[in-house]
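Structural overview for review
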Amino acid sequence: TRTIVFDPAKKKMYLSIGSLNNAAREEDRAIIEEWNDDGTGRRVFATGCRNAIGMTMHNGRLWANNNGFDWQGDDIPPEWIYIVRDGGFYGHPYAYAHGVWVNFSATGQYQNLLPLTAVDSSKVRSMVQPAALVQAHSAPMAIEFSNRSFPEKFRNGAFTTFRGSWNRTEGTGFKIVYLDFDDERDTTANYVADFVRGFLLDPVTKYVWGRPVGVETDMRGNLYISSDDITEFIIIISPKR
């Protein structure tokens, strides 16, 4: 994937470049690049981001979520939601969560990462605890922070869409969740709760009628959600007046 976010205050652009693999040593993928907004100054801003599809700026910080790798089991790895820090390493392809190593015997791809090096170990030790971890294979897409126009319960948080799983025995995701924070400067979510669900009708057969992808807010307290598969739509969630 390629996701672009602009930081108008710093006149920077951030570009997410997804991995081609579940587990491989890649030089120019699984990264987030930083550019000047005139197209100059290209550099690697963060590494180890397998597929940071959702990115947004909030209070001068770059936030992202991530689609994790496959073939490590139904519940591994949990997907992450992080602040992306300059020079930060975010796990792929060696680790997940807060420095948990992958199972290198899972498939040939993971076995091919061995032998590990001192540099690999140093990168994993540098990992910072994420703002939130969510169910493996949820496939988080867009992320959007709320604003003061929202009802009080939802003013200090973020919404993210889960497009849903394929590499899992029972389906998961296919919903929109809300991450609650203490205030606008908080960087660790108090909880992650379902906000809109019902797109997944049968987790056993993975029968769904829509796959949430995009999410946007406005200054009237409305939330806009799009689906790009099975049923294509944009719906509006509005507060009671």
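Quick summary incoming for the structure in this document.

Reading the values: the criteria
- Residues numbered from 1 in each chain as written.
- Predicted model: local features only at pLDDT ≥ 70, side-chain atom pairs only at ≥ 80, totals over all residues.
- Heavy atoms only, no water.
- Pairing = 2+ DSSP bridges.
- Helix = DSSP H or I, 4+ residues; strand = E, 2+ residues; numbered from the N terminus.
- Axes fitted to C-alpha atoms, helices over the stretch in contact; angles between N-to-C directions.
- 1 Å grid on protein atoms, 1.4 Å probe; cavity = no way out; pocket = protein on both sides within 12 Å on 5 of 7 lines; lining within 4 Å.
- Points joined across faces, edges and corners; volume = space filled by probe spheres on them.
- Nonpolar A, V, L, I, M, F, W, Y, C, P; charged D, E, K, R; others polar.
- Patch = residues over 30% accessible without salt bridge, like charges linked within 9 Å, V, L, I, M, F, W, Y side chains within 5 Å.
- Areas by Shrake-Rupley, 256 points an atom, 1.4 Å probe, with all protein chains shown as cover.
- Salt bridge = Lys/Arg side-chain N within 4 Å of Asp/Glu carboxyl O.
- Phe/Tyr/Trp six-rings, centres within 6.5 Å; stacked < 30°, edge-to-face > 60°.
- Buried < 20%, exposed > 50% of the residue type's maximum accessible area, 1.4 Å probe, protein only.

1. Some points on the sheet that holds strand 2 (residues 12-17)
With antiparallel pairing, four strands are arranged side by side in an open sheet as 1-2-3-4. A single partner strand is all that each edge strand has here, and the edge strands are strand 1 (2-7) and strand 4 (43-47). Taken pair by pair, the neighbouring strands of this sheet meet at an average axis angle of 25°, ignoring direction. As judged from the four bridges shared by strand 3 (residues 31-36) and strand 4, these two strands associate in the antiparallel manner. Bridge pairing in strand 4 places E33 opposite V44.

2. Some words on the sheet that holds strand 13 (residues 175-180)
The strand order across the open sheet built from four strands is 11-12-13-14, with neighbouring strands paired in antiparallel fashion. The open sheet terminates on both sides in strands that have one partner only, identified here as strand 11 (140-145) and strand 14 (191-196). When strand polarity is set aside, the average angle formed by the axes of neighbouring strands in this sheet is 25°. Where strand 13 meets strand 14, five bridges bridge the pair, whose relative direction is antiparallel. The partner of I176 across the bridge, within strand 14, is V196.

3. Regarding empty space enclosed by the protein
Tallied over the full model, the rule gives one cavity of 30 Å³ or more. The calculated volume of the largest cavity comes to roughly 80 Å³. Along the walls of the largest cavity sit 13 residues, with N66, G68, F69, W80 and A95 positioned nearest its centre. In the lining of the largest cavity, the residues fall into seven nonpolar, four polar and two charged.

4. Observations regarding a nonpolar patch on the surface
On the surface, W101, L114 and L116 cluster together to form a nonpolar patch covering roughly 240 Å² of accessible area. When you line up the elements, L114 lands in the loop between helix 1 (108-111) and helix 2 (118-125).

5. Concerning the packing of aromatic side chains
Counted under the stated rule, the structure contains 20 aromatic pairs. An angle of 40° between the planes, with centres 5.6 Å apart, marks the rings of F150 and F159 as tilted. Its relative accessible area of 3% is what places F150 among the buried residues. Arranged with centres 5.1 Å apart and planes meeting at 50°, the rings of F159 and Y178 form a pair that is tilted. Separated by 19 residues along the polypeptide, F159 in strand 12 (residues 157-162) and Y178 in strand 13 bring together distant segments of the chain.

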